[in-house]
Amino acid sequence: MKAIPLLALLFASSPSVAPAAVTLFQTDNFDALGGWTSGGPNPNPPVIFADSGPLGGGDSSLRVTANGGGAGGRLVTFNRTTWTGDFTGEGVTTIMADLRNLGTSSLSVRIAFNGPGGWWITAAESVPASAPWGNFDFDIRAVSLVASDSGTNAVATLANVTEMRILHSPDPDHTGVALSSSMLIDNITAVPEPSALILLAWSPLLLKRKRRFAKNAIP
């Protein structure tokens, strides 16, 4: 029996949520783009990749591609619609996501936020090259974020996020670096701190799911 990332199992039956701004437990499972883009001229914009998700056939994901130079040279995608607003007021302290690196070099994936307090970015999660799907948690509490460029007040930014982006960036820089690679993203989910999950009687397995890798092959 194939091992499936638990995050995919939990949210596979839930439709992609499209609120006006972030809400607790919202998830993007990429039945549609849901506002995710790369902006500007890009020969390889983010696309829905059918039958490529952690659950295999019938489970789509978002494919992000970078060509290593010029337009589309950086591995980045961002959202200025559904993943905006008051993350703190909604009680969101963690962003969970299923990730798969289709490139030949390890990726340092981060989530960055822009808002009134400038740019702030999470610690990096290492996503191994050519590995199966993995589950990753990004701590987005103000005390855990690092200022990028104009960042002056993480609390102000998290209270009124105008852009959330997912990118490869070895250094804590929201612009990322140029490289030639491709990554799949699925089941981006806004969750509270673990203690709140326990109070809500979520499965204990959810709290133990860190980096469980699937054995699914991508067509």
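Structure shown above.
First, a word on scope: everything that follows refers to the structure included in this document. (Residues numbered from 1 in each chain as written. Predicted model: local features only at pLDDT ≥ 70, side-chain atom pairs only at ≥ 80, totals over all residues. Heavy atoms only, no water.)

1. Describing the overall build of the protein
Short version of the rule: The helix and strand labels rest on DSSP assignments: H or I over at least four residues marks a helix, E over at least two residues marks a strand, and numbering proceeds from the N terminus. Exposed residues in this analysis have more than 50% of their type's maximum accessible area, buried residues have under 20%, and partly exposed residues fall in between, with area computed by a 1.4 Å probe over protein chains only. Contact definition: two residues touch when any of their heavy atoms are within 4.5 Å. Surface accessibility in these figures is a Shrake-Rupley result with a 1.4 Å probe; residues are shielded only by whichever protein chains are displayed.
Of the regular secondary structure elements, the protein holds three helices and 13 strands. By residue count, 49% of the 219 residues in the protein fall in the buried class. Counting contacts in the protein only where the partners sit at least 6 residues apart, residues at least 24 apart contribute 76% of the total. A total accessible area of about 9,200 Å² is found for the protein, and carbon and sulfur atoms account for 57% of it.

2. A word on the pairing of strand β13 (residues 180-191)
Rules: Paired strands, as defined in this entry, are two strands with at least two bridges between them according to DSSP.
Counting buried positions along β13 yields eleven of twelve residues, so the element is predominantly enclosed. As paired strands, strand β1 (residues 27-28) and β13 are joined by two bridges and run antiparallel to one another. In the sheet register, Asp-28 faces β13, and the bridge partner there is Ile-188. Examined bridge by bridge, strand β4 (residues 61-67) and β13 share six bridges and lie antiparallel to one another.

3. Re the packing of aromatic side chains
Applied cut-off: Only centres within 6.5 Å qualify two rings of Phe, Tyr or Trp (six-membered ring in Trp) as a pair; their planes then separate them into stacked at under 30 degrees, edge-to-face at over 60, and tilted for everything else. Two conditions define a charge located above a ring, namely a distance within 6 Å from the ring centre to NZ of Lys or CZ of Arg, and an angle within 35 degrees of the ring normal.
Taken as a whole, this structure holds one aromatic pair when the rule is applied. One residue, Arg-63, lies across the ring of Phe-49, its end atom 5.2 Å from the ring centre.

4. Considering the pattern of salt bridges
Rule in force here: The salt bridge definition used is simple: a Lys or Arg side-chain nitrogen within 4 Å of an Asp or Glu carboxyl oxygen.
Summed over all chains, the structure comprises three salt bridges. Of the charged contacts in the structure, one is a salt bridge between Glu-163 and Arg-80, with a shortest N-O distance of 2.7 Å. Residue Glu-163 is found in strand β12 (residues 163-168), and its partner Arg-80 is found in the loop between β5 (76-79) and β6 (94-101); the two are separated by 83 residues along the sequence. Taking the shortest distance from any N to any O, the salt bridge between Arg-141 and Asp-139 comes out at 2.7 Å. When salt bridges that share partners are traced, they join Arg-80, Glu-163 and Arg-165 into one network.

5. A short note on the nonpolar core
Short version of the rule: Throughout, nonpolar core names a set of buried Ala, Val, Leu, Ile, Met, Phe, Trp, Tyr and Cys residues whose side chains join them through atoms within 4.5 Å.
The biggest cluster of nonpolar side chains holds 33 residues, and the ones touching the most others in it are Trp-83, Phe-87, Ile-95, Leu-99, Phe-113, Ile-185 and Ile-188. When residues of this core are traced back to their parent elements, those giving at least two are β4, β6, β7 (107-114), β10 (134-139), α2 (154-159), β12 and β13. Contact partners of Trp-83, with chain neighbours within four places excluded, come to Val-22, Gln-26, Asp-28, Trp-36, Ile-95, Val-161, Met-164, Ile-188, Thr-189 and Ala-190. Judged by nonpolar contacts, the second largest core, of five residues, contains Val-76, Trp-119, Ile-121 and Leu-167.

6. So, the environment of Val-22
When you line up the elements, Val-22 lands in the loop between α1 (6-11) and β1. Distance in space between the C-alpha atoms of Val-22 and Thr-84 is 5.6 Å, their sequence separation being 62 residues.

7. A closer look at unusual backbone geometry
The phi torsion at Phe-25 lies on the positive side, around 75°, for a residue other than glycine. Turning to its location among the elements, Phe-25 is positioned in the loop between α1 and β1. Positive phi outside glycine occurs at Asn-187, with the angle close to 55°. Here Asn-187 falls in the buried class, since its relative accessible area comes to 2%.

8. So, the pairing of β5
As a general feature of sheets, a regular strand has side chains that alternate between the two faces. Taking every second residue as pointing to the same face, both faces of β5 are buried, with Val-76 and Phe-78 on one and Thr-77 and Asn-79 on the other. Bridging between strand β2 (residues 36-37) and β5 involves two bridges; their strand directions are antiparallel. Considered in β5, the bridge of Trp-36 is made with Asn-79.

9. Side note on the side chain of Ser-181
Tracing the backbone shows Ser-181 in strand β13. The class of Ser-181 is buried, set by a relative accessible area of 9%. Not counting chain neighbours up to four residues away, the residues in contact with Ser-181 comprise Val-64, Thr-65, Ala-66, Leu-75, Asn-101, Gly-103 and Leu-107.

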